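Fold and geometry: a report
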Amino acid sequence: MLKGKTAIVTGSTSGIGLGIARAFAAAGADIMLNGFGDAAAIEALQADLAKEFGVRVLYNGADLSKADQCETLVTDTEARLGKVDILVNNAGIQHVARVENFPVDRWDAVIAINLSSAFHTIRKALPGMQARGFGRIVNIASTHGLVASAEKSAYVAAKHGIVGLTKVVALENAESPITCNAICPGWVLTPLVQAQIEARAKRENIAVATAERELLIEKQPTARFTTVEQLGALAVFLAGPGGDNMTGVALPVDGGWTAR
Ligand code: NAD
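Rules used throughout
- Residues numbered from 1 in each chain as written.
- Predicted model: local features only at pLDDT ≥ 70, side-chain atom pairs only at ≥ 80, totals over all residues.
- Heavy atoms only, no water.
- 1 Å grid on protein atoms, 1.4 Å probe; cavity = no way out; pocket = protein on both sides within 12 Å on 5 of 7 lines; lining within 4 Å.
- Points joined across faces, edges and corners; volume = space filled by probe spheres on them.
- Helix = DSSP H or I, 4+ residues; strand = E, 2+ residues; numbered from the N terminus.
- Nonpolar A, V, L, I, M, F, W, Y, C, P; charged D, E, K, R; others polar.
- Buried < 20%, exposed > 50% of the residue type's maximum accessible area, 1.4 Å probe, protein only.
- Pairing = 2+ DSSP bridges.
- Right-handed = clockwise from strand over helix to strand, strands pointing away.
- Domains from an automatic or database assignment.
- Contact = heavy atoms within 4.5 Å.
- Buried area = accessible area lost by both parts, 1.4 Å probe.
- Salt bridge = Lys/Arg side-chain N within 4 Å of Asp/Glu carboxyl O.
- Polar contact = N/O pair within 3.5 Å; in protein donor to acceptor, adjacent residues only side chain to side chain.
- Axes fitted to C-alpha atoms, helices over the stretch in contact; angles between N-to-C directions.
- Parallel < 35°, antiparallel > 145°, perpendicular 65-115°, else oblique.
- Left-handed = near helix turned anticlockwise from the far one by under 90°.
- Near = heavy atom within 4 Å.
- Areas by Shrake-Rupley, 256 points an atom, 1.4 Å probe, with all protein chains shown as cover.
- Sits in = over half its atoms within 2 Å of the grid points.

1. Describing empty space enclosed by the protein
Applying the stated criterion to the full structure yields one cavity of 30 Å³ or more. Looking at the largest cavity, its volume works out to about 40 Å³. Around the largest cavity, the lining residues are T10, N89, N90, A91, I113, N114, S117, A118, I140, K159 and I162. At the level of elements, α4 (104-132) and α5 (153-172) are the ones that each hand at least two residues to the lining of the largest cavity. Looking at the lining of the largest cavity element by element, the count peaks at four residues for α4. Residue classes in the lining of the largest cavity are distributed as five nonpolar, five polar and one charged.

2. Focus on the pairing of strand β1 (residues 6-9)
Of the two faces of β1, the one holding T6 and I8 and the one holding A7 and V9 are both buried throughout. One ladder, built from four bridges, connects β1 with strand β2 (residues 30-33); its direction is parallel. For V9, the partnering residue across the bridge sits in β2 and is L33. As for the winding sense of the linkage, the β-α-β connection from β1 through helix α1 (residues 15-26) to β2 is right-handed.

3. Digging into the domain arrangement of the chain
When the domains of the chain are assigned, the result is domain 1 (6-186 + 226-259) and domain 2 (189-225). Put simply, the middle of domain 1 and the middle of domain 2, counted by C-alpha atoms, are 25 Å apart. Taken residue by residue, the interface counts 18 residues in domain 1 and 11 residues in domain 2. Regarding the contact of domain 1 and domain 2, the summed buried area is about 940 Å², with carbon and sulfur atoms giving 55% of it. Broken down residue by residue, the surface that domain 1 buries against domain 2 is led by T226, G255 and W257, which jointly contribute 44%. At the boundary of domain 1 and domain 2, one finds zero salt bridges. The tally of links from domain 1 across to domain 2 stands at three residue pairs in polar contact (both at pLDDT 80 or more). Taken together, the elements giving at least two residues each to the side of domain 1 that touches domain 2 come down to α1 and α8 (228-239). Looking at side-chain class alone, the side of domain 1 that touches domain 2 contains five nonpolar, 11 polar and two charged residues.

4. Things to note about the packing of α1 against α8
Each packed pair of helices is defined by two parameters, the angle between the axes and the distance between the axes. Where α1 meets α8, the axes come as close as 8 Å, and the angle between the chain directions of the two elements is 50 degrees. Judged by the angle between their axes, α1 and α8 are oblique. Along this stretch, α1 crosses α8, giving a crossing that reads as right-handed. Counting all contacts with α1, which are made through G15, I16, G19, I20, A23 and F24, the residues of α8 involved are V228, L231, G232, A233, A235, V236 and A239.

5. Quick word on the packing of α1 against helix α2 (residues 39-53)
Contact geometry of α1 with α2 gives a least axis separation of 9 Å together with a crossing angle of 30 degrees. In terms of their interaxial angle, α1 and α2 are classed as roughly parallel. In this structure, α1 crosses over α2, and the sense of that crossing is right-handed. Mapping the contact onto sequence places L18, R22, A25 and A26 in α1 and L45, L49, E52 and F53 in α2. Residues of the contact of α1 with α2, tallied by class, amount to six nonpolar, no polar and two charged.

6. Quick word on the site of the ligand
The environment of the ligand is made up of 31 residues, and the closest members are S14, N90, Y155, V188 and T190. Between the ligand and D63 there is a distance of 2.9 Å, counted from a nitrogen atom to a side-chain nitrogen or oxygen. Within the side chain of K159, an N or O atom sits 2.9 Å from an oxygen atom of the ligand. Taking 830 Å² as the accessible area of the ligand by itself, protein coverage stands at 93%. With respect to the detected pockets, the ligand is housed in the largest pocket. For the shell around the ligand, the elements supplying multiple residues, two or more each, are α1, α5 and α6 (191-204). For the shell around the ligand, the element with the highest residue contribution is α6, accounting for three residues. Residues of the shell around the ligand, tallied by class, amount to 16 nonpolar, 13 polar and two charged.

Below, the structure is given as structure tokens:
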């Protein structure tokens, strides 16, 4: 479905980004991976995806907390893969603390990586998309782009912000074949959430399995995690022809979390 297309997926060395990169590669797109991690493991990941799906898989290790590196991620992809058809802004971090105790440097980092990086990659990728007459932008927001939880001020502010940015980019490009949408996952069992489960187990002096169950049922009525494969399938749909007239939406994949 995506043969001949090229996609950047930020934060794709782990978790949801990796799931989306895999789904895009399976659909035939060439991929620019990004994110932190062990160099040998990233090289092996590139080789495995390329071999399994017969697509080109490159890597750029841009630190997306820096505006200039967000820009070079886009220009490097244009130079090495020829264009950017699909841009997935997925890289993200979390910090949990009450507002009065929230470290200022953590606030700045969460806003930079979870929100400002998407502004920088989008503003750099749009001119090429506009010139070629095709573009698909998918921003990985969160249920926290739609509703809030205590102790996540920076994350909730950034995720509400990215939903707003999504709508503006959609409207500004509405008459062109460029769409911009947000996906809002509920709980997905990735390293980002595993850290929260382990912190809860420690704080409440309970088993990790109990903390996992409590975290799930507190928010997510299905009591099942959303999977990276489900999010990959939705991203492929949005990037493909079925998504042609969907733009400016924020789609929850949250087991009923925001239905409450
Ligand atoms: P993860 O920790 O598994 O992966 C995060 C990725 O971002 C990694 O590849 C990491 O290297 C990369 N990254 C972090 N800082 C970076 C930086 N400065 N520059 C470049 N890359 C950087 O997390 P995840 O759970 O897969 O989260 C991915 C996205 O999904 C995030 O935006 C997160 O907010 C969102 N999300 C996650 C969940 C969940 O339950 N896991 C739910 C809703 C939304």
